[in-house]
Amino acid sequence: MIKRYISTFALAFGLLLGATTVMAEGPELPSAGTNLRDTASLQRGAHLFFNYCVGCHSLKYMRYERMADDLGLTQEEVMNNLNFTGAKFGDTVISHMPPDDAQKFFGKAPPDLSLEVSAKGPDWVFAYLNSFYLDPKSPIGWNNTVLPNAAMPFPLWELQGEQVPVMKPAKPGDDPEIEKLTLLHQGKLTTEQYQQAVRDITNFLEYVSEPAALQRHHYGIWVVLFLLGFTFLAYLLKKEYWKDVH
Amino acid sequence: MANVFSNIGEWVSERAPGLMPVYRKHMTEYYAPKNFNIWYYFGSLALLVLVNQIVTGIFLTMNYDPSAAGAFDSVQYIMRDVEWGWLIRYMHSTGASLFFVVIYLHMFRGIMYGSYQKPRELVWLLGMLIFLVLMAEAFMGYVLPWGNMSFWGAKVIVSLFGTIPVIGKDLVEWIMGDYLPADATLNRFFALHVIALPLVLLLLVVLHLAALHEVGSNNPDGVDVKHGPKGNRWDPTKPADGIPFHPYYTVKDLVGVGLFLAIAAFIIFFQPTLGGWFLEHDNSVAANNLVTPLQIKPVWYFTAFYAIVRMIPSAMGTAVWGVLGMFGSIALLFALPWIDAGKVKSIRYRGTGYKVALTLFILAFFGLVFIGTDLTDDYFPKWFGQDIDITAWDNVFGRVLVLIYFGFFVFLWLYTHLGWEKTKPVPERVTTHD
């Protein structure tokens, strides 16, 4: 009987893993390669976010205090280096940009990014930040292959540099399609360094989407092991009780 | 210490002499067949999940704000600021999906071993009522987080009632209390989700169990142990093949509970969204009546029935046929005890035709889930080439599957009422146990 239990468990487990992979939707994007356990990466991501993103984007569900706790930073470090708005330590991260102005500047208020990774997935965010290119036809001068006609200028250009599109050989009558992007000018970072920077930002936003993920991973293994141990004891108990059933 | 307990026991028994006999009737002197297999875990597991939903639900209610302005924020408040709020919410959301996993397996067990047949029709009907109420409960619960998929899901599902001729439009407004899902909708769905439907569910579960314990449990052989030889170690008048539910099946169910909880804990702690199956990505965006999600579809446990709505075309100027088809697909399950006039209960001794039909029925159900979740958008181009018309293929496949789903019931009626089924001999007594 114990063999049957084990095989049932293995089957259920296999179905679970299968289900999670089958659901991967949309065009396949390269993996962002994020790792929430990499605290240094989270810290670098937070640093980049507060230097390049928070001017427009809020994290209205994320408290400075929680961030300090989870990222291993002190109150001073957070309040001196990451807080530019005079918010209190227990406040959430709200951008300085007045929403009305934002509406005027971009035609669309920059979205709150608290749940961006939950909504779009880390791979999407990673690809999005890699896919800005110069587009003279766009009112803001930039465009994006992952989110065409995005209303967002590209604040990281000084790090990555400027990309331009390489077009596919167009068939007559078809709209021209972009084959890939290529760097026109290198920015302050090499391509590898930029990839890592974008990965760090994505990692940080993944953490912001669900700070509890750190706790989940911390406790999860012990809970599952405890329950498997419990099951084994329950099985021994069952065997003992059922000895006299024939 | 033991003395204190027995004194309390005596004290209670003197004042409520009816309590112990009830306990004995349903636990220590409820004689269940000794050959239950793995399929018999899902009843007690359903009860476990129900308790989990109620307990975690109570704690969620303490911090949830049932208003259109505050609902979405309050869920994030629970996820971030409430101590262990994330765990409570994931237990509730994972529990919701696992409830359907367990209930579907429980229903399949009932069909496979003919547990709905005489004399257990009432048990089956009460169980189907539980399933129906559970669907309403799950739908309303899904609306509460007020994400964008909650909003659009509510709009689409409530709109199904709009296909009813004459009164449809007014009915939709009446259900929502507004022209769109709004504050009024959320308030009433909350009331129904946390008070009305759970009360109905609990009552139905009690009746389901009471009805079961009146007629006794079926088993994988479909042999009625009550009609077999009498006399076991505990009681000379009770079935020889029966064993007391407590402690035998309580300790056995404990093993199932442990395994089930281990799987549930794995999901809760490592894959709470299960790649979008249990918690959908689009629901991480707050409800917005101006932005439609790319694909509006219900959570996986409704998709088979939703696919039936989609696959049945409009005719005679109304789309009501799809909705009738969906309700019909559930109504036919209610009628199963009268559709199936089989002489034999368990699949072990039934005719080949039945086995083939049941297999096709289950495959059709999975196929409809597949189409209902729009997975075909990803897979049909991979299988049949990039240039195919996905909707057309959906319709061809889906309609065949709908025909198989309904065909199962037609076939079963003909097969058993016209005496086409060739059954195998059923043993006198139950054959195995493990």
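All of these numbers come straight from a predicted model, not from anything done at the bench.

## Let's talk about the overall build of chain A
No. 1: Broken down by element type, chain A carries 10 helices and six strands.
No. 2: Per-residue burial for chain A yields a buried fraction of 27% across its 246 residues.
No. 3: Long-range contacts, defined as pairs at least 24 residues apart, comprise 68% of the intrachain contacts of chain A with a sequence gap of at least 6.

## Brief notes about the environment of Glu 158 of chain A
All names here are of chain A.
No. 1: Tracing the chain through its elements places Glu 158 in helix H8 (residues 157-160).
No. 2: Distance from Glu 158 to Leu 73, taken between C-alpha atoms, is 27 Å for residues 85 residues apart in sequence.
No. 3: In this structure Glu 158 touches Gly 187 and Lys 188, once residues within four positions along its chain are discounted.

## So, the nonpolar core
No. 1: If you look at the biggest cluster of nonpolar residues, it comprises 106 residues, and the most contacted ones within it are Leu 45, Val 102, Trp 146, Ala 264, Ala 265, Ile 308 and Leu 368 of chain B.
No. 2: Looking at this core element by element, the count peaks at 14 residues for helix H10 (residues 245-270) of chain B.
No. 3: Three or more residues apiece are contributed to this core by two domains, here domain 1 (21-295) and domain 2 (297-425) of chain B.
No. 4: Those residues in contact with Leu 45 of chain B that lie beyond four places of it in its chain are Val 102, Gly 256, Val 257 and Phe 260 of chain B.
No. 5: Core analysis: the next-biggest nonpolar cluster, separate from the first, contains 34 residues, Met 62, Tyr 128, Leu 156 and Phe 204 of chain A among them.

## Some points on the confidence of the model for chain B
Interpretation of the predicted coordinates at a detailed level should be avoided for regions scoring low in pLDDT.
Residue and element names in this part refer to chain B.
No. 1: Summarising the model, chain B shows a mean pLDDT of 94, and 99% of its residues fall at 70 or more.
No. 2: Confidence scores differ between elements of chain B, with helix H15 (residues 376-384) showing the lowest mean pLDDT of 83 and helix H3 (residues 42-63) the highest of 98.
No. 3: Two numbers describe this predicted complex: its pTM, 0.93, and its ipTM, 0.91.

## What to know about the domain arrangement of chain B
Residues and elements named next belong to chain B.
No. 1: Taken domain by domain, chain B consists of domain 1 (21-295) and domain 2 (297-425).
No. 2: Contact with domain 1, which involves 27 residues of that partner, is made by 25 residues of domain 2.
No. 3: When residues of the side of domain 1 that touches domain 2 are traced back to their parent elements, those giving at least two are helix H5 (85-112), helix H6 (121-143) and helix H7 (148-159).
No. 4: It is H6 that provides the largest number of residues to the side of domain 1 that touches domain 2, a total of seven residues.

## Here's the deal with the environment of Leu 147 of chain A
All names here are of chain A.
No. 1: Within the fold, Leu 147 resides in the loop between strand E4 (142-144) and H8.
No. 2: Assessed through the 15 C-beta atoms surrounding it within 10 Å, Leu 147 is described here as partly exposed.
No. 3: Leu 147 sits 16 residues away from Ser 131 along the chain, and the two C-alpha atoms are 8.7 Å apart.

## So, the environment of Phe 132 of chain A
No. 1: Looking at where Phe 132 of chain A falls in the secondary structure, it is placed in strand E3 (residues 132-134).
No. 2: Put simply, Phe 132 of chain A and Leu 147 of chain A are 15 residues apart on the chain and 9.2 Å apart in space, counted from C-alpha to C-alpha.

## Some remarks on helix H11 (residues 300-311) of chain B
All names here are of chain B.
No. 1: Its 12 residues give H11 an end-to-end C-alpha distance of 17 Å, which sits within 8% of 16 Å, the value for a rise of 1.5 Å per residue.
No. 2: By the criterion of burial, H11 is predominantly enclosed, with 12 of the 12 residues buried.
No. 3: Considered for burial, the residues of H11 that qualify are Trp 300, Tyr 301, Phe 302, Thr 303, Ala 304, Phe 305, Tyr 306, Ala 307, Ile 308, Val 309, Arg 310 and Met 311.
No. 4: In this structure, the buried residues of H11 make contact with H5, H6, helix H12 (320-334), helix H14 (352-372) and helix H16 (390-417).

Rules used throughout
- Along each chain, the written sequence defines residue order, and numbers are assigned to residues from 1.
- Starting at A for chains and at 1 for ligands, labels are handed out in the order in which the entities are written.
- This being a predicted model, a pLDDT of at least 70 is required before a residue's local features are given, and a value of 80 or more before pairs of side-chain atoms are given or counted; all residues contribute to the totals for chains, interfaces and linings.
- Helix and strand assignments follow DSSP, with helices taken as H or I runs no shorter than four residues and strands as E runs no shorter than two, numbered in order from the N terminus.
- Partly exposed residues are those whose C-beta has more than 12 but fewer than 20 other C-beta atoms within 10 Å; 20 or more makes a residue buried and 12 or fewer makes it exposed, with C-beta atoms placed from the backbone.
- Throughout, a residue-residue contact means that the two C-beta atoms, derived from backbone geometry, are no farther apart than 7 Å.
- Linking buried Ala, Val, Leu, Ile, Met, Phe, Trp, Tyr and Cys residues through C-beta atoms within 7 Å yields a set, and such a set is a nonpolar core.
- All the domain ranges listed were derived from an automatic or database domain assignment.
- One number per residue, pLDDT, summarises how confident the predictor is, and it ranges from 0 to 100.
- Helix span, as expected, comes to 1.5 Å for every residue beyond the first.

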